[in-house]
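# Close look at the chain arrangement
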Amino acid sequence: MKIRLRGRIETDFNSINTLMLVNQALSEACMLEECIIDMQEVSWFNAALCSFFKAFLRQRIIDNNITIRFLFNNLSRSNMAVRDIFYRNGFLTGQITDYFNTIFPVRDFRTTDTEIENFLKSMKSDFQDIDKFPFSEDASKGILKSLGEIFSNSQRHANSDWVYTSGQLFPNKEAGKVTFCIADVGIGMAKQVKSCRPNLTNSSEAIDWAFEEGNTTKTGSGGLGLFCLKNIIKSNLGELIVVSNDTYYNVLSKTARKLSFDFNGTLVIVTMNRKV
């Protein structure tokens, strides 16, 4: 099986939907089949999305017992730049160094009590690099707490074995911005909320509910982590996107679009502007 990607892969709806089409095609692969992902006509791939890409590719490998190989264009300068991003952030194994210090590496963590400590330590280390994450200490602490909440949710409620993270600093775009992603392949935030709040009839309502103050699917108090994250991003004039089950949802503008296929998991995309 060969699957071809083209053009620019960003964090917008069309790009995420395209990746969902790849996920769906791989889910239909035959047992032990070699699947080639043809990247030769990809001119740009947002490095922050590599955690999301890895999350569903690993799941397809596990579920279907397939092998996946990437194909790049050795004659295209822009496509070689895409390939280099995959090496620089550790998505692919190679020797290319991140000389520009713009990469938050692709990392995966088991959803265990000990691994959440490793997760938080890794994120804290990344956020202390002021050249790459030049925000206030309070903002960094708030985002770290919120990401810990998302990890905890994947661990305790989403039935996911792994959590994946990655990010990218874009110093020359829109006065400089940072995009960070965290993904799992559990039951999905939307489905999880709707299971305990049956009055919420669609995924966008369920996601919106999860980001309101005091709302949580946990037993007892909670619900501050995601609410805090939303407020930090809002004050920064950034963007907060959640992809879960059948929906791509912009939390701040409250706009939703339906994906062509369900994503059995949750992707949270956080974008902050450096110079706001």
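Since the model is a prediction, treat every value here as computed from it, not as a measurement.

## Comments concerning the packing of aromatic side chains
- Under the definition given, this model contains 21 aromatic pairs.
- For the ring pair Phe-45 and Phe-86, a centre distance of 5.0 Å and an interplane angle of 70° mean the geometry is edge-to-face. Of this pair, Phe-45 sits in strand β2 (residues 34-45) while Phe-86 sits in helix α3 (residues 77-88); the two residues are 41 residues apart in sequence, bridging distant segments of the chain. No difference in accessibility class separates Phe-45 from Phe-86, as the two residues are buried.
- Here a set of aromatic residues connected by ring pairs shows up, and it is made of Phe-45, Phe-52, Phe-53, Phe-56, Phe-70, Phe-72, Phe-86, Phe-91 and Phe-263.
- It is Arg-58 that lies over the ring of Trp-162; its NZ or CZ is 4.2 Å from the centre.

## Observations regarding the sheet that holds β2
- One open sheet holds the three strands; their spatial order is β1-β2-β3, and the pairing between them is parallel. Edge positions in the sheet fall to β1 (2-9) and β3 (67-71), since each of these pairs with one other strand and no more. Recorded for the sheet is a direction-independent mean angle of 25° between the axes of neighbouring strands.

## A look at the nonpolar core
- By size, the foremost hydrophobic cluster in this structure holds 44 residues, and its most contacted members are Met-39, Phe-45, Leu-49, Phe-52, Phe-53 and Leu-267.
- Leave out the neighbours within four places in its chain, and Leu-49 touches Ile-9, Glu-10, Thr-11, Ile-16, Leu-19, Ser-166, Cys-181, Leu-267 and Ile-269.
- Counting residues in hydrophobic clusters, the runner-up holds 39 residues, among them Phe-109, Phe-127, Phe-180 and Met-272.

Definitions and limits used
Residues numbered from 1 in each chain as written. Predicted model: local features only at pLDDT ≥ 70, side-chain atom pairs only at ≥ 80, totals over all residues. Heavy atoms only, no water. Phe/Tyr/Trp six-rings, centres within 6.5 Å; stacked < 30°, edge-to-face > 60°. Helix = DSSP H or I, 4+ residues; strand = E, 2+ residues; numbered from the N terminus. Buried < 20%, exposed > 50% of the residue type's maximum accessible area, 1.4 Å probe, protein only. Lys NZ or Arg CZ within 6 Å of the ring centre and 35° of its normal. Pairing = 2+ DSSP bridges. Axes fitted to C-alpha atoms, helices over the stretch in contact; angles between N-to-C directions. Core = buried A, V, L, I, M, F, W, Y, C linked by side-chain atoms within 4.5 Å. Contact = heavy atoms within 4.5 Å.

These figures capture arrangement, not role.
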